[in-house]
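Results of the structural survey
Chain by chain, the residues run as shown.
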Amino acid sequence: MRKLTTLLLAGLCVGALPDGVRATPESRSAPLLLLIEPGSRAIAMGESYVAVADDATASYFNPAALVGQSKKKLHLSHTKWLPKLADDLSYEFLAYSQPVEGWGNFGFNVALLNLGEQIRTDERGNQQGTFRSYDVAMSAAYGAHIGDNTSAGIGLKFIRSNLADAGAGIERGRGVGNSFAADLGFLWKPVPSLSFGAALRNLGPKIAYIDADQADPLPQHIVVGVAYDVMDTQYNDLMLSFDLYKPLIADGSFISNLAKAWADEGMSNEFKEMDLHVGGEYQYGLSAREGEAFIALRAGLSQDTDGEVSTKTFGVGLKYNRFQFDVAYIIGSEETVVGDNTPISLNIIF
């Protein structure tokens, strides 16, 4: 179990994407899967995506952003995760979104964190074979207009964390936890070039691996952000985005978490726990028909104050007809377990 223990301790230091070390309060939450954000485009823009999400990943980032998507969309992404620790860790994400006339927009996604093969040992350290560990979450989301320029959405997810199988002896029946959670989203577009977004994520009961007395809270958090189209012409588009991320981890319910987050500690500590995400995207059109074909250059910055980590991200994207291919590059540091990750994504429009 030594490898699994090392991975879990390292993983608890990882924030919304594998961009550095987050100290408390995320280190008190589980499972690890819910601390990773999907999509090469979003990652390349420093995760500043709550007011941007105009693809199938909206079911994760902000279910309200599903509204306005007029076509069916499919998203697939893969990340070789934490390569400095092991060569068999990976993060997979699959999402699909579809508008339904007269009803609104629906989205679905599945996220899988493969923690690789582990060695089972007994209480004396003798090897007893191997097993595989993983986290998985399945989500369904819905978004609809609540005003002329305003939309809201909700997502429901089932979470399963399989850290150890039902082994023999003292390990029988341990290491597996199940839970469920809800996400709430809001999006306001006062003008076509400006968007304000907000999302409350992972609102649900604690997850228990052994018994309820030792349950861990889910990584509940709130994200607010803004996106602005600085330039929008036939061949040149430039967008800037800005997000603030605030964890809401406590021992009580979500309502008590929200109250405690702003009442129990000094305001300076609360602001210190906020993470700043800034990103930008430039698109150069390759076709006279806007949005049909383009090449995109992206960059971002994730600033984790309490974790004392500043992470730079870069990426490129290429779209032709119905297909869009995106790559992101996350620069790690020698002080953290995070290596140089390269998430890749494919988006298909039907």
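Structure's up top.
All figures in this text were calculated on a predicted structure; none of them were measured in a lab.

A word on the pattern of salt bridges
Scanning the entire structure with this criterion turns up 7 salt bridges. Two residues, Asp183 and Lys157, come together in a salt bridge whose shortest N-O distance is 3.1 Å. Taken together, the residues Asp183 in strand E6 (residues 176-191) and Lys157 in strand E5 (residues 150-162) connect sequence positions 26 residues apart. Take Asp183 and Lys157: they sit in the same class, and that class is buried.

Digging into the side chain of Gln69
Following the sequence through the fold, Gln69 ends up in the loop between helix H3 (58-61) and strand E1 (73-80). Its relative accessible area of 6% is what places Gln69 among the buried residues. Of note is the side chain of Gln69, whose polar atom sits 2.9 Å from the backbone oxygen of Asp55. Excluding residues within four positions of it along the chain, Gln69 makes contact with Ala53, Asp54, Asp55, Ala56, Ala58, Ser97, Pro99 and Asn105.

Topic: the packing of aromatic side chains
The final tally for this structure, using the stated rule, is 5 aromatic pairs. On the basis of an interplanar angle of 25° and a centroid distance of 5.5 Å, the ring pair of Trp188 and Phe196 is categorised as stacked. Exposure remark for Trp188: the relative accessible area of 38% places this residue in the partly exposed category. For Phe196, a relative accessible area of 32% corresponds to the partly exposed category.

Reading guide: rules and limits
- Residues numbered from 1 in each chain as written.
- Predicted model: local features only at pLDDT ≥ 70, side-chain atom pairs only at ≥ 80, totals over all residues.
- Heavy atoms only, no water.
- Salt bridge = Lys/Arg side-chain N within 4 Å of Asp/Glu carboxyl O.
- Helix = DSSP H or I, 4+ residues; strand = E, 2+ residues; numbered from the N terminus.
- Buried < 20%, exposed > 50% of the residue type's maximum accessible area, 1.4 Å probe, protein only.
- Polar contact = N/O pair within 3.5 Å; in protein donor to acceptor, adjacent residues only side chain to side chain.
- Contact = heavy atoms within 4.5 Å.
- Phe/Tyr/Trp six-rings, centres within 6.5 Å; stacked < 30°, edge-to-face > 60°.

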